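Spelled out, the chains give:
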Amino acid sequence: MRATEGNQDYPFAVTNTAAALLDAAGTVVAWTPAAEALLELRSADVCGRPARELLADASGWEAVLAQGREGGQAGWEGRATLRHGSGGELEIGFRVVPLNDGARGNPARCLVLGAPLELVARWRQDHAFTHELFLQGRVGLAVFDTDLRLLRTNTHLLPYTGVPPELNGLRLADFLRGEDARIIDDRLREVLHGGSPLIGFNATARTLEDARGGRVVTIQAFRLQEPDGRPMGVAAVFTDVTDHERSRGRLDLLYRATGALGGSLSVLRTVEDLVKILAPAFGDCAAVDLAETVLTGGEPATDGLHPALPLIRMAVAGAEADVLRTGTARFGAPLAASGPGPAPPAARECRGELVTGLGTRSPGPGSDAAPEWATAVPGAHSAMTAPLCARGVGFGRLTLWRTGDAPPLDEDDLALLEEIAARAAVAVDNARRYTKERRTAVGLQRSLLPPETSETPALEAAGLYLPADADSGVGGDWFDVIPLSSARVALVVGDVAGHGLHATAMMGRLRSAVRAMADLELEPEELLAHVDDMVLQVVAEAESGDAQDGDAGALLPSGPAGATCLYAVYDPVTRRCVMASAGHPPPAVVSPDGTVEYVDLSPGPPLGVGGWPFEPVERDLPPGSVLALYSDGLIERGEGDIDQGMSDLADRLLHADVLGRPLRQARHDIVEGLPAGRLRDDVTLLLARTRVVDDGSVATWLLDADPAIVGGARHLVLDQLTAWDLDELAFSTELIVSELVTNSIRHAGGPVRLRLIRADTLTCEVSDSSNTQPRMRRARSHEEGGRGLYIVAQLSHRWGSRYTAGGKTVWSEQALPPA
C-alpha cells in the first residue's frame, strides 16, 4: 500500500508498499522506493546493514522479535519505533512474511511490510466496524449495486413475514409490494445518481405474502464509489420505527381527540367531532352511543355497579357509517364489563372490551360467539368498546371497528381508546350539565316572553325568538306587546348583555319593570329613564352585596347588568308612533308603497350607564305599515358590518312580503337561512302591522268648566251610544261620564275634553289641565261625596289616568256587549 493518509486500501498490500527484505541474519538486502519515502532513508544507506540499526532504540530488538514468538504463526504482525531520515522517530505497524521454511521466529529470509501505525490502526478500526455492523441486529444494513440489486445484507434487514432468507441478487420488488418497493427504489436511485445522502426518509414496507399492516422503516442511504470516483452502488440502513410511529400516532390522536372534545358545549356536536377524529385515523368505523337522558341534560340512573341503560346511537363516522345509522339504534347491554377477580367499582365500570378474530367466530349464540355490538360492521375483523364514565356514572360507550387489510386491534389500542373515552366522558358530562342549565335558561326565558302573536285594534303583532347555540349560551333578549289605554299599544324589544342564567334573570326583571312602568302611562323617554335608574340600582346592589351565599358558601352567578332597549307607543287614533331607544338599533318601517326605511333615531346610552337623557322621536304611520323591531343578533351574525346587516334585513322584509301575508307566516321567512342551532347571539324579531280607529268610532267634545254642563255631557254621550248601537252601556257610561266630568270641573277647572273611543272596548276619557292624579278613597257613611271613583271602578273593566303634555287624562274602559 502507499503510505499516504488519503488512501483507504489495506496498508500491507504488496503493490507499491513500504517493504524491506531481510536475510537470515537480519540484514537488510532490499529496500523499496516506498520505504525510502516513508523513512526518508535511501536504499544505499540501508541495504547491507542490520535491521536493528533502523530501530530508534537498538536494544529493543529482542522485544520486537518477541512479538513474533507470541503471535504463534508463520507470518506475524507487530509494531516498532524507527529512526526517520529527518532525525526524528516514526512509529509503524509491520507484518513479517517468511519467504521459505525455517525455524519459527528465525526464517532464512523474510519480507517485512510496514506502514504508519496510525494508518494501520485506522484500517483495523474500519474493518472491525464494518464486520460488527453487519453482525448487529438492531438495524438492517444493505449494499446495493448500480442496478439496485442486493449485494450484501445483515441477517435482520427486514425481519418480517415474507422476506426470503437469502437476499443476494434480489431486488426489493421481488419480495415487497410494488408501490412500496417503487417508492424506496426511487429514493435510492436519486442517491446513486445525485450523490446526496438520504437522511431520515420514512417508508412503509409490506411484503407480498403479508400485506396487511407492514412496518414503518426509516432509511438512511449514501453512495459507494470506486477509487476513480465512479459509483459502485448504494449502502442503506433500515431502522424499524413502527412502534415509535405508532406511539407518536397514538399521542397525536389523543391530542387531536382532546382538542375536538373541548371545541363545543353541545353534547351532539361533541360526539360528532370525536368520531370524525377517530375514523379513519384510528379505525375504519367509529360510533358513540349515549343514554337518552344525556341529550336533555339529565344524569343517567345507575343500578349498582353495572348500569343497564337503553342507549341511542348519536354519532357515527367511517366507511360503514350508513350501516350503523340504519342498524339497531337502541342497546340494552350493560356499560360495565364483567371480569374475574375483585376490582374497585370505578375500574369495573370503566373497563373496555377487545374482540379479535371476528371472521373466525361463530355468529350464533355460544361461548365462542362474538358480542352483538362487535358484529355490527360487516367485514370487521376486530372491534373494541369503552364505556363513557365520569364521576362513577356511565353516560354511554365509544366503539371502534377495523376491517380489510388494517392490522387487528390490540391491547395498546384498547388502552388508548379507554383514555379517549375517559376524556370524552368528562366532556360529555360538562356538555350535559351545560345543556341542563341552558334548557333551564331557555325555558325560563320563553316563560317570561309574551305570546308570539297578538291582535289588538291598534295592530297585528307577531314575535319570534331564537336562542343562541350551546357554545354561546342563551342570552337575555326579549320582546313584548303591552296594551295601553285608549286603544294604544306599546312595543318593546330589549337585549341584556351577556349570556346564561344571569342574563335570563336580568331580562325577567327588566321586562317586569317595563311592564309596570308602562302601566303608569309614561312617555317613552321617561320610561327608559326610570328603567335606567332601576338597572343602576341593581348594579349598585351587586357591587355592595355579599358575593357569597352564606349557607352554601358558593359564588352566586353574576354577570353584566347592562342592556339595550327600544320602547315605542302607537296610537291608532292619531296614527302616530312615539319611540325612544337606549342604545338599541332603530326599527325598520315598511310603508304600504313597498319602501323600507329605518327610523332616524338618536339612541341614548344603554341601560345601566346613567347620566344621559333619552330623546323621543315621533313618526306618522299610514294604515297597513309594518314596523320591524329586532335585536342586534339579527343584523350582526359575524358576516359583515351592521350597515350590511341592516340592508340585508330590509331585503328580507320585502322578500317575505310582510305587507301582503300574515305576519305569523312572514316572520319565519325573514329568519330563514340562519344557521339553526349555530347562532352566536340570540335573535329576536317583532313585527307589527298598524291599524287605525276610524273617525266614525271616535267622538270628542270640549266642555266648559261649569257644573251645569254635566247634564249636557250625559246627553251627548247617550246620543253617541245610540248612534253606535251601544244602548246596553248607556246607564253605566252615563254614570262614569257624570262622575269623571264632575271631578274634573270641581278639582281642575279650565276647559274639559270628553272623548269616547269605540274599539275592542268602549273607552271614555276626560282630560283637563291639572297634574294632580285622582285617588280613590273610602268614603265614610256620613259623607255625601268621595264615592265617584269607587263607582267608576265598579262599573269599568279597568280604569286609570295618565299624564299628558297639557295636564292629565282619566280614562275608563268597558267591555262591548256581544255582537
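Please read these numbers as outputs of a predicted model, since none were measured by experiment. (Residues numbered from 1 in each chain as written. Predicted model: local features only at pLDDT ≥ 70, side-chain atom pairs only at ≥ 80, totals over all residues. Heavy atoms only, no water.)

*Asks:* For this particular structure, what's the right way to read the pattern of salt bridges?
*Replies:* Pairing between side chains of opposite charge can happen when their charged atoms approach one another. Here the structure, examined in full by the defined rule, presents 43 salt bridges. Here the residues in one salt-bridge network are E299, R391, D429, R432 and R433, joined through shared partners. (Salt bridge = Lys/Arg side-chain N within 4 Å of Asp/Glu carboxyl O.)

*Asks:* It is not clear to me how the pairing of strand β6 (residues 140–144) should be interpreted in this structure. Could you clarify?
*Replies:* Here is the key point about a regular strand: its side chains alternate between the two faces of the sheet. Burial analysis of β6 places 5 of its 5 residues in the buried class, which makes it a mostly covered element. The two faces of β6 match: G140, A142 and F144 on one face and L141 and V143 on the other face are all buried. Note: β6 against strand β10 (residues 231–240), 5 bridges, orientation antiparallel. Following the sheet pairing, V143 is matched in β10 by A235. Relative to strand β7 (residues 150–153), β6 is paired through 3 bridges, and the arrangement is antiparallel. Considered in β7, the bridge of A142 is made with T153. Once β6 ends, the chain turns through 5 residues before running back antiparallel as β7, passing L148 with a positive phi of about 60°. (Buried < 20%, exposed > 50% of the residue type's maximum accessible area, 1.4 Å probe, protein only. Helix = DSSP H or I, 4+ residues; strand = E, 2+ residues; numbered from the N terminus. Pairing = 2+ DSSP bridges.)

*Asks:* Just to check I follow, could you spell out helix α16 (residues 663–670) for this structure?
*Replies:* Since the α-helix advances by 3.6 residues per turn, residues separated by three or four positions end up pointing in the same direction. Among all positions in α16, only L663, A666, R667 and I670 are buried. Across the axial projection of α16, the buried residues extend over an arc of 110°, all falling on one side. In the core, the buried residues of α16 are packed alongside β17 (453–455), β18 (459–466), β26 (626–630), α15 (642–655) and β27 (683–690). (Arc of directions from axis to C-beta. Contact = heavy atoms within 4.5 Å.)

*Asks:* What am I meant to see in the sheet that holds strand β28 (residues 698–703) here?
*Replies:* Pairing between the strands of a sheet is mediated by backbone hydrogen bonds and can be parallel or antiparallel. With antiparallel pairing, 5 strands are arranged side by side in an open sheet as β28-β29-β30-β32-β31. The open sheet terminates on both sides in strands that have one partner only, identified here as β28 and β31 (798–804). Across the sheet, the mean angle separating the axes of adjacent strands is 15° when strand polarity is ignored. Across 6 bridges, β28 lies against strand β29 (residues 752–758) in antiparallel orientation. Counted as the bridge partner of L702 is R753 from β29. Across the sheet, helix α17 (residues 709–723) touches β28, β29 and β30 (761–768), and the angle it forms with β28 is around 170°. (Axes fitted to C-alpha atoms, helices over the stretch in contact; angles between N-to-C directions.)

*Asks:* Help me understand the packing of helix α6 (residues 242–261) against helix α11 (residues 411–448) in this model?
*Replies:* Helices that pack against each other are described as a pair by the angle of their axes relative to one another and the distance between those axes. Close contact between α6 and α11 brings their axes to 10 Å; oriented N to C, the two are set at 15°. By the criterion of interaxial angle, the relationship of α6 to α11 is roughly parallel. Judged by the sense of rotation from one axis to the other, the crossing of α6 with α11 is right-handed. Contacts from R250, L253, L254, A257, T258 and L261 in α6 reach D412, D413, L416, E419, I420, R423, A424 and A427 in α11. (Parallel < 35°, antiparallel > 145°, perpendicular 65-115°, else oblique. Left-handed = near helix turned anticlockwise from the far one by under 90°.)

*Asks:* Sorry if this is basic, but what is going on with a nonpolar patch on the surface here?
*Replies:* Side chains of F731, L735, Y790 and I791 sit close together on the surface and give an oily, nonpolar patch of about 380 Å² of accessible area. Going through the elements one at a time, α18 (730–747) and α19 (788–795) are the ones with two or more residues in the nonpolar patch. Take I791: it is sitting in helix α19. (Patch = residues over 30% accessible without salt bridge, like charges linked within 9 Å, V, L, I, M, F, W, Y side chains within 5 Å. Areas by Shrake-Rupley, 256 points an atom, 1.4 Å probe, with all protein chains shown as cover.)

*Asks:* Sorry if this is basic, but what is going on with the side chain of R432 here?
*Replies:* Mapped onto the elements, R432 comes out in helix α11. Within the structure, R432 has its side chain in polar contact with the side chain of D429 (distance 2.9 Å). Not counting chain neighbours up to four residues away, the residues in contact with R432 comprise V267, V294, G297, G298, E299, R391 and F395. (Polar contact = N/O pair within 3.5 Å; in protein donor to acceptor, adjacent residues only side chain to side chain.)

*Asks:* In this structure, what is going on with the packing of aromatic side chains? I would like to understand it.
*Replies:* Scanning all chains against the criterion turns up 2 aromatic pairs. Ring geometry for W76 against F94: centres 5.5 Å apart, planes inclined by 80°, an arrangement best described as edge-to-face. Note that W76 is positioned in strand β3 (residues 76–83) and F94 in strand β4 (residues 89–98), a separation of 18 residues in sequence. When its relative accessible area of 10% is taken as the criterion, W76 is described as buried. Using a relative accessible area of 5% as the deciding quantity, one classes F94 as buried. Relative to Y630, the ring of Y598 lies with its centre 6.4 Å away and its plane at 85°, an arrangement referred to as edge-to-face. Note that Y598 is positioned in strand β24 (residues 596–598) and Y630 in strand β26, a separation of 32 residues in sequence. By relative accessible area, Y598 is classed as partly exposed at 21%. (Phe/Tyr/Trp six-rings, centres within 6.5 Å; stacked < 30°, edge-to-face > 60°.)

*Asks:* I keep staring at the packing of helix α7 (residues 267–278) against α11 and nothing clicks. Help me out?
*Replies:* Following both chains from N to C, one finds α7 and α11 inclined at 160°, their axes separated by 8 Å at the closest point. As the angle between them shows, α7 and α11 are arranged roughly antiparallel. As for the relative orientation of α7 and α11, their crossing is right-handed in sense. Within the contact between the two elements, α7 uses V267, T270, V271, L274 and L278 and α11 uses I420, A424, A427, V428, A431, R432 and T435. Considered class by class, the residues forming the contact of α7 with α11 number 9 nonpolar, 2 polar and 1 charged. (Nonpolar A, V, L, I, M, F, W, Y, C, P; charged D, E, K, R; others polar.)

*Asks:* What am I meant to see in the nonpolar core here?
*Replies:* The tendency in soluble globular proteins is for nonpolar side chains to be buried side by side. Ranked by internal contacts, the top residues of the largest apolar core, which has 53 residues, are W478, L510, L527 and Y567. At 8 residues, helix α12 (residues 501–518) tops the list of elements feeding residues into this core. (Core = buried A, V, L, I, M, F, W, Y, C linked by side-chain atoms within 4.5 Å.)

*Asks:* Help me understand the environment of R95, please; the structure alone is not making it clear to me.
*Replies:* Inspection of the secondary structure assignment puts R95 in strand β4. With a relative accessible area of 25%, R95 lands in the partly exposed category. Along the chain, R95 and L111 lie 16 residues apart, while their C-alpha atoms are 8.1 Å from each other. Here the side chain of R95 touches E77 through a polar contact of 2.9 Å, side chain to side chain.

*Asks:* Explanation requested: unusual backbone geometry in the structure shown.
*Replies:* Note: most peptide bonds trans; most residues except glycine with negative phi. Here the bond from A279 into P280 is cis, since omega is 10°, no more than 30 degrees from zero. Within the secondary structure, P280 is located in the loop between α7 and β11 (285–291). Positive phi values are uncommon outside glycine, yet D657 reaches one of about 55°. Within the secondary structure, D657 is located in the loop between α15 and α16. Of the residues examined, D657 reaches a relative accessible area of 37% and is grouped as partly exposed.

*Asks:* I would appreciate a short explanation of the sheet that holds strand β19 (residues 476–483) in the present structure.
*Replies:* Ordered in space as β19-β20-β21-β22-β25, the 5 strands form an open sheet in which the pairing is antiparallel. For this open sheet the edge positions go to β19 and β25 (617–620), each flanked by a neighbour on one side alone. Averaged over all pairs of adjacent strands, the angle between their axes in this sheet comes to 15°, without regard to strand direction. Of the pairings in the sheet, the one linking strand β20 (residues 489–496) to strand β21 (residues 563–571) comprises 8 bridges and is antiparallel in character. Looking across to β21, one finds that L491 is bridged to A568. Along the sheet, α12 contacts β19, β20 and β21; its crossing angle with β19, the most-contacted strand, is approximately 20°. Strands in contact with helix α13 (residues 524–544) are β21 and β22 (576–582); relative to β22, the strand with the most contacts, it is inclined by about 25°.

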